[in-house]
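# Descriptive structure summary
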Amino acid sequence: MTSSAQGPDQASDRGTDRETTSGPARPGGPTANAMRRALKRARDGVALDAGEAAVLLQARGEDLRDLCASAARVRDAGLEAAGRPGVITYSRGVFIPLTRLCRDTCHYCTFVTVPGKLRRDGHGMFMSPDEVLDIARRGAEMGCKEALFTLGDKPEDRWPEAREWLAAHGYDDTLSYVRAMAIRVLEETGLLPHLNPGVLSWTDFQRLKPVAPSLGMMLETTAERLWSEPGGPHYGSPDKEPAVRLRVLEDAGRSNVPFTTGLLIGIGETYEERAESLFALRRIQRAYHGIQELIMQNFRAKPDTAMRGMPDAELDELAATIAVARHIMGPSTRIQAPPNLVDGEYALLIGAGIDDWGGVSPLTRDHVNPERPWPQIEELTERCATAGFELRERLPIYPEFLQRGEPWLDPRLLPHVRALADPETGLAVEDAPVVGRPWQEPDEGFTRNSTGRTDLHHTIDTEGRTADRRDDFDEVYGDWEALREAAAPGMVPERLDADVRQALSQAADDPTKLTDAEALALLHADGPALDALCTIADELRRATVGDDVTYIVTRNINFTNVCYTGCRFCAFAQRRTDADAYTLSLSQVADRAQQAWDVGAVEVCMQGGIHPDLPGTAYFDIARAVKERVPGIHVHAFSPMEVVNGATRTGLSIREWLTEARAAGLDTIPGTAAEILDDEVRWILTKGKLPTATWVEVIKTAHELGIRSSSTMMYGHVDQPRHWLGHLRLLAHIQQETGGFTEFVTLPFIHTNAPVYLAGIARPGPTTRDNRSVTAMARVLLHPHITNIQTSWVKLGTEGAAEMLRSGANDLGGTLMEETISRMAGSSYGSYRSIQDLIAIADLADRPARPRTTTYGPVTEERRTAALASDGHLPELLPVVE
């Protein structure tokens, strides 16, 4: 196969009408010299900038031929590298227009309608389950493998009729119905859902990922004026704001969802704006590698729309856009053009660099472009062969994502996908029987049997970790170079030259009246000013909670470290195949809780990785197993990230899930997974963890249900004092609203084995100045709302923790008994402190010490006696062998 035979002129049935020489520059277009330079850079494989891309988007005639030839070579190299040279793919599927209602009013759309018209035509507000399954079953009988769900954005927000229909059928919102129908299609027909529900939040992705191998949403354009200005094609459509749609693409990448997106060209954007859209897509692809295909779709005017008089985007313009997209996105991105919109010019677009035709249905029409019938697959096969290519069927999830494995495909979908995929190529087995299969939790849940290095909590102190990083270090966390650019401002700590005298005076007089400017000045304080701040904080601590240093006899139980979330600060997470990976059985969790109770503990703190096989109900099983074994122990468990994971996997709301967890034995939750509550920092620190707004939602919901929580902040990485200030202000605001926080825990970043540090992006943890400043300002800024400030002996050691007790802290946390997370990150202060060790830290600060409960109440005499009787002998009890 060669690319030179696929130029636009040879491909065209109307080639005699198309310009065949570059000729002089068109009026208003680029100069001939600019075009020549840009074409040469494309031929030479040099990275294009946005200006050069805008020039090349205007290539026509011989210039277009030249551009397409170089783009086709890039495409061919990508197919060669993917192991399928000379193959163009398509997906055989059915289209399921679940609802044609939408809250947006795009001026070119004929898909969307209104409730009255649906009623007049005898249709419901949504397709019924029977209608959905009828299409899917007939498609399965015809060998289709994809069920493409198309629908409008959040119609219930605009149309009462949509809300009423959903409520009458038992669904909270449109996405709940989408999820339910996707499961029924999987179970009853075997088709693989590809969902196009429009704008999604991070939480929405967690809800839908378990029921669909892939999702999609067209970016269309990043030209904001087309959305914001009256008369624009997207004016009045809240979901078409470019920033919102870009955030969706980022959340898809963070959630490891194979995602389809693309551009709609010819809707009024300039060439410069189109180039900017392509570069925005490249930026997101570099960061997350989650875009499985780009659709380049040409605008077609339709009658009865506001844009009916606008000219169609010409096919040469589409070909130029495809070729430029190929050069910008590179060989590994799959690029698609809908075959029913190209007027038979298949070879033109093949020559421009596409490698996929998208979904083609032998059963259903294109509901977005109903006037454009699908070509017969036999015709498409012949046209590809004429251009030197073989047409092969694929699944809605591309082979590259199947080959990546976890975490790109939820385990509950593996049986459905494997039944239809060629294990060698990842493409579809064309004659595979398409039959329904149960959608259920993996058969081998972690709750039955333990696996891996289950003694890690003990041997991390004696033998250490196997390696300082995971084998997939270069891939799992995203693009390190892109992160390095984003993190550059946080690599060097900011210093603020400000007069702190007024701020110190205000902090001493009434800390609740500190302005943000004054608070920021104090967060930057050093030398004598920092000493004065710590003195003020210590006096405020004494006036608020007294001199007692509190501690809790507790045991940490990290029930699994298998996790694919991609937190870049975390050295604890492992793949299931890594040497240090482990998962405890339910009986082992209960055994460790029993051990803790026997030696005087009042609490177990349980958290784990987001294991892909973990059922959403497993958290209930863990809490229940502990309470059944040790009824009197307090279960402090499950971070907000775990709460969201459990809720989305079970299909429950956060409130419903927390209610079930409490019934199973959950008492309080840790306010971890907070890191820094500023998404500017969070998306550098973590690839896939929950955003700030979702963390806040979980915490507030828990508090409303009477489930109290701690609060935390991890600092000293790519953050700055202004981020600390915002974080502390937000916690104070939540506490004023709910009163549900028991304490604030300072968590200094442990850098040694943290991926973000090993990649050269983060600072090597906070300085002593930072630790004193954060502790003191936590006392000052959270007063009088959060009265308990905890310091971490695990991260700071004995001397460091004592210094924080002199800087405003009043609590030392727990004995822990086992502590794996900080130790895996490189903390050198061990996994256990006896009661006498904690009392010794308080002695260094000249303070008395006393035990407490999780909620800072008094400890019973029986528990105190049991704890003191076993104190110092604990490590002999730690290993659990089954």
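From a predicted model like this one, the values you see are computed outputs, not experimental measurements.

Where empty space is left becomes clear once a probe the size of a water molecule has been rolled over the atoms. As a volume, the second largest pocket reaches approximately 650 Å³. Along its surface, the second largest pocket is lined by 28 residues, and Asp-172, Asp-173, Ser-176, Arg-207 and Ser-653 are the ones closest to its centre. Looking at the lining of the second largest pocket, the elements that each hand over two or more residues are helix H8 (174-188), helix H9 (202-208), helix H26 (640-650), helix H27 (654-664) and helix H29 (692-704). Element by element, the count of residues in the lining of the second largest pocket is highest for H8, at five residues. The class makeup of the residues in the lining of the second largest pocket is ten nonpolar, nine polar and nine charged.

We now examine the sheet that holds strand E12 (residues 554-558). One open sheet holds the three strands; their spatial order is E12-E14-E15, and the pairing between them is parallel. What marks the edges here is a single partner per strand, and that holds for E12 and strand E15 (634-637). Strand after strand, the sheet turns through a mean of 25° between neighbouring axes, direction not considered. Looking at chain direction, E12 and strand E14 (residues 603-607) are connected through five bridges and run parallel. Bridged to Ile-557 within E14 is Met-606. Across the face of the sheet, helix H24 (residues 586-598) comes into contact with E12 and E14 while running at roughly 170° to E12.

In terms of residue burial, strand E17 (residues 741-748) counts as a mostly covered element, since eight of its eight residues are buried. Of the strand pairs in this sheet, strand E16 (residues 709-715) and E17 are connected by six bridges, and their pairing is parallel. Counterpart to Ser-711 in the pairing with E17 is Phe-744. In this region the chain leaves E16, passes through helix H30 (residues 721-738) and returns to the parallel neighbour E17; the handedness of that crossover is right-handed.

A separate point is the packing of H26 against H27. Viewed as axis vectors pointing N to C, H26 and H27 meet at an angle of 105°, and their least axial separation amounts to 9 Å. What the angle tells us is that H26 and H27 run roughly perpendicular. Only Ile-654, Trp-657 and Leu-658 of H27 make contact with H26, whose side of the interface consists of Val-643, Val-644, Gly-646, Ala-647 and Thr-650.

Attention now moves to the confidence of the model for the protein chain. Per-residue confidence for the protein chain gives a mean pLDDT of 88; residues scoring 70 or more make up 87%. Within the model, pLDDT remains below 50 along residues 875-882, and this stretch shows 18 contacts once partners closer than five positions in the same chain are excluded.

Attention shifts here to the nonpolar core. Grouped together as the largest cluster of nonpolar side chains are 123 residues, with contacts concentrated most on Met-606, Phe-638 and Trp-695. Not counting the four nearest positions on each side in its chain, Phe-638 is found in contact with Phe-559, Met-606, Gln-607, Tyr-619, Ile-622, Ala-623, Val-643, Trp-657, Leu-666, Ile-669 and Pro-670. Counting residues in hydrophobic clusters, the runner-up holds 121 residues, among them Leu-48, Leu-57, Leu-249 and Trp-439.

Here we take up H8. Residues separated by three or four positions in an α-helix point in the same direction, a consequence of the helix having 3.6 residues per turn. In this model, H8 (15 residues) spans 21 Å end to end at C-alpha, consistent with the 21 Å of a helix rising 1.5 Å per residue. Burial analysis of H8 places eleven of its 15 residues in the buried class, which makes it a mostly covered element. Buried within H8 are the following residues: Thr-174, Leu-175, Ser-176, Tyr-177, Val-178, Arg-179, Met-181, Ala-182, Ile-183, Val-185 and Leu-186. Of the residues trailing H8, Gly-190 is marked for its positive phi of about 90°.

We now examine the packing of aromatic side chains. Per the stated rule, a full pass over the model turns up 14 aromatic pairs. Each ring, one from Phe-559 and one from Phe-638, has its centre 6.4 Å from the other, and the planes form 75°; the classification is edge-to-face. With Phe-559 in the loop between E12 and strand E13 (582-583) and Phe-638 in the loop between E15 and H26, this residue pair connects regions lying 79 residues apart in the sequence. Among the aromatic residues, those joined into a cluster by ring pairs are Phe-559, Tyr-619, Phe-620, Phe-638 and Trp-657. Between Arg-852 and the ring centre of Tyr-856, over which it is positioned, the NZ or CZ distance is 4.0 Å.

Let's shift gears to empty space enclosed by the protein. In this structure the tally under the stated criterion is seven cavities of 30 Å³ or more. Each pocket or cavity is described by its volume, and for the second largest cavity that value is around 350 Å³. If you trace the second largest cavity, you find 23 residues lining it, with Gln-206, Lys-209, Ile-610, Asn-645 and Arg-649 closest to the centre. Secondary-structure elements contributing two or more residues to the lining of the second largest cavity are H9 and H26. It is H26 that contributes the most residues to the lining of the second largest cavity, five residues altogether. The residue makeup of the lining of the second largest cavity, split by class, is eleven nonpolar, seven polar and five charged.

Procedures and definitions
Residues numbered from 1 in each chain as written. Predicted model: local features only at pLDDT ≥ 70, side-chain atom pairs only at ≥ 80, totals over all residues. Heavy atoms only, no water. 1 Å grid on protein atoms, 1.4 Å probe; cavity = no way out; pocket = protein on both sides within 12 Å on 5 of 7 lines; lining within 4 Å. Points joined across faces, edges and corners; volume = space filled by probe spheres on them. Helix = DSSP H or I, 4+ residues; strand = E, 2+ residues; numbered from the N terminus. Nonpolar A, V, L, I, M, F, W, Y, C, P; charged D, E, K, R; others polar. Pairing = 2+ DSSP bridges. Axes fitted to C-alpha atoms, helices over the stretch in contact; angles between N-to-C directions. Contact = heavy atoms within 4.5 Å. Buried < 20%, exposed > 50% of the residue type's maximum accessible area, 1.4 Å probe, protein only. Right-handed = clockwise from strand over helix to strand, strands pointing away. Parallel < 35°, antiparallel > 145°, perpendicular 65-115°, else oblique. pLDDT = per-residue confidence, 0-100. Core = buried A, V, L, I, M, F, W, Y, C linked by side-chain atoms within 4.5 Å. Expected span 1.5 Å × (residues − 1). Phe/Tyr/Trp six-rings, centres within 6.5 Å; stacked < 30°, edge-to-face > 60°. Lys NZ or Arg CZ within 6 Å of the ring centre and 35° of its normal.

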